[in-house]
Amino acid sequence: PAGEKGAAQAAYFGKKVALVERTPTLGGAVADTSIPFKALRETALYLAGFRTRNLHGVDLQVKERATLRDFLSQEHSIVRDYRFKVAANLDHHDVDVFPGQASFVDAHTVKVEHLRRPPTLLSADVILIACGSRPYHPPQFDFDCQGIYDSNGFMRANCMPKTLAVVGAGPIGCEYASIMALLGCSVTLIDANDAFLPFLDSEVATLLQQSLIETGIDLLPATRVERVSDGPPFTLALDSGRELKADTIVVATGRIGNTDGLALENAGLAADARGLLAVNQSFQTAQPHIRAAGDVIGFPALASSSMEQARVAMVDAFDLKYKQRAAKLMPYGIYTIPECSMVGETEDSAQRKGIPYVVGRARYRHNARGGVIGDDAGFLKLVYRADDMQLIGAHMLGEQAIELINIGLLSIQTNGTFQAFIDACFNFPSLAELYKYATYDAMKRKQQGREQGCVVQLDPARVAHEDRLGGRVVPAAERALA
């Protein structure tokens, strides 16, 4: 995404652009893994939604010898269409595409090598490194062994595992675990950290963790895999002393930048231990005319952020006076089942920054559309700044959360206050209406705080527990911010 959008942005403003791609096809990780993964997720949702229904003439049983490829019937056409759109976009902007491996000759010259073509030298005033990343391979796992996969290779697995160990409970690990559990696989999710998805709002993280456990996933936090026996089935020796058996292992313990092979030293550059490049706010490397964007510069490593970074890098490099900076407000989405998404401040970050705040919540099960789709666990949480009731954070768990979070994003970006949602008239029934009722809830809590001389915050763990029991939330103690 970064390479395509950076090239198109520069070419749009009349620059002569060459794009070097070492793989046979365009599209990067989006085409290779992201689209196939989401196709698998949609299939899992379909099967999970209809598994207990008796539909005349429809057999939704998972075949005993099914492979993951059996669940990806729509993937080939979707990926083909996406790659065609990337190629068409580059062609539309007259970007010259050079297939092959790029390496620096000097700070302004790149050599392109291809097995079936003579080497080509390209010189440029500006160079953008957008070579992406690949899964990290911890040494205790033999990835040449059939049955042990990284997060990319698992999509090409030859069989449907009955027991699966997922190592790494980051977003990718959680996504795979939740999907495979819904497809009937026995899943164990192992993570070295004791905090579950710590970048999420802690209340949302807790509810997501509980949802994963309720789908049958065995979650093992603060646990490391020390060694793995030959298999399958494999025996994983854990640092807790426990041994775990699994037909298949998926390792999702982070990614490393694809900078090896670029001969960065010839350009006066160096990557860190994970192959990542350091950049400033304009995405300049140590060589000001060489920019970098996307996964190769690390967090957040999202397709959306990568596109924006590359566009800004090119505008700044050529002083185009167009898009001056990347968006400071970045939404995050995790395609677990249920999906969750967030933007802006969490309760934890507001507390760390000393921002007086008030929270409002709305539950899917109290929403008419939520009742129609049968999502009892979903909820929306809004974080308002207490003094002026301006929205500073939005957090969502449940159906369409990744889409609906964009309403909160636009409100925060435009400095919207509670009044925007109170004045708005949403479609009925719709999940978007949750924003209005979460705002009413925040106003009620704001009023409670004013009466007591403080802004009242209910304890998230108690709220989650009592609300899940279907009772009225009346905590024994209230946590307050002056």
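For every chain, the first residue of its written sequence is number 1, and the numbers climb from 1 along that sequence. Totals for whole chains, interfaces and linings use every residue, but because this is a predicted model, local features are given only for residues with pLDDT of at least 70 and side-chain atom pairs only at 80 or more, for both listing and counting. Hydrogens and water molecules were not included; the side-chain quantities draw on all heavy atoms of the structure.

Things to note about the sheet that holds strand β21 (residues 379-385)
Now for step 1: The strand order across the open sheet formed by five strands is β18-β19-β22-β21-β20, and the pairing between neighbours is antiparallel. Sheet topology places β18 (332-334) and β20 (357-363) at the edges, where each strand pairs with a single neighbour. Between one strand axis and the next, the sheet turns through 10° on average, direction left out of account.
Now for step 2: Two strands pair if DSSP finds at least two bridges between them. In this description a helix means any DSSP run of H or I spanning at least four residues, a strand means any run of E spanning at least two, and both kinds are numbered starting from the N terminus. When β18 meets strand β19 (residues 340-344), the two strands line up antiparallel, connected through three bridges. Counterpart to Gly333 in the pairing with β19 is Ser341.
Now for step 3: Across the sheet, helix α5 (residues 202-214) lies against β19, β20, β21 and β22 (391-397), angled at about 170° from β21, the strand it touches most. In this analysis an axis means a line fitted to C-alpha atoms, helices contributing only their contacting stretch, and an angle means the value between N-to-C directions, from 0 to 180 degrees. Between two residues, a contact is recorded if the distance between any of their heavy atoms is within 4.5 Å.

A word on helix α1 (residues 2-12)
Side chains of residues three or four places apart in an α-helix project in the same direction, reflecting 3.6 residues per turn.
Now for step 1: Categorising residues by exposure relies on relative accessible area from a 1.4 Å probe, with only protein chains included: less than 20% of the type maximum marks a residue as buried, more than 50% marks it as exposed, and the intermediate range marks it as partly exposed. Counting buried residues along α1, nine of its 11 residues qualify, which places the element largely inside the surrounding structure.
Now for step 2: Listing the buried residues of α1 in full gives Ala2, Glu4, Lys5, Gly6, Ala7, Ala8, Gln9, Ala10 and Ala11.
Now for step 3: Backbone geometry just after α1 places Gly14 at a positive phi near 90°.

Quick word on the confidence of the model for the protein
Now for step 1: pLDDT: the predictor's confidence for each residue, scored from 0 to 100. Chain-level statistics for the protein give a pLDDT mean of 85 and a share of 87% at 70 or above.
Now for step 2: Counting interchain partners and residues more than four positions distant, the pLDDT-below-50 stretch residues 50-60 has seven contacts.
Now for step 3: Contacts of residues 458-482 to residues separated by more than four positions or lying in other chains number 48 contacts, the stretch itself having pLDDT below 50.

Section: the nonpolar core
Now for step 1: Membership of the largest hydrophobic core comes to 39 residues, with the highest contact counts inside it found for Val187 and Phe196.
Now for step 2: Those elements giving two or more residues to this core turn out to be α2 (28-50), β9 (163-167), α4 (171-182), β10 (186-190), α5 and β19.
Now for step 3: With seven residues, the top contributor of residues to this core is α4.
Now for step 4: Each residue touching Phe196, except ones within four places of it in the same chain, is listed here: Ala169, Cys174, Ala205, Leu208, Gln209, Leu212 and Leu219.
Now for step 5: The criterion is simple. A nonpolar core is a set of buried Ala, Val, Leu, Ile, Met, Phe, Trp, Tyr and Cys residues joined through side-chain atoms within 4.5 Å. Counting 36 residues, the second-largest nonpolar core is a separate cluster that includes Ala31, Val112, Leu264 and Ile290.

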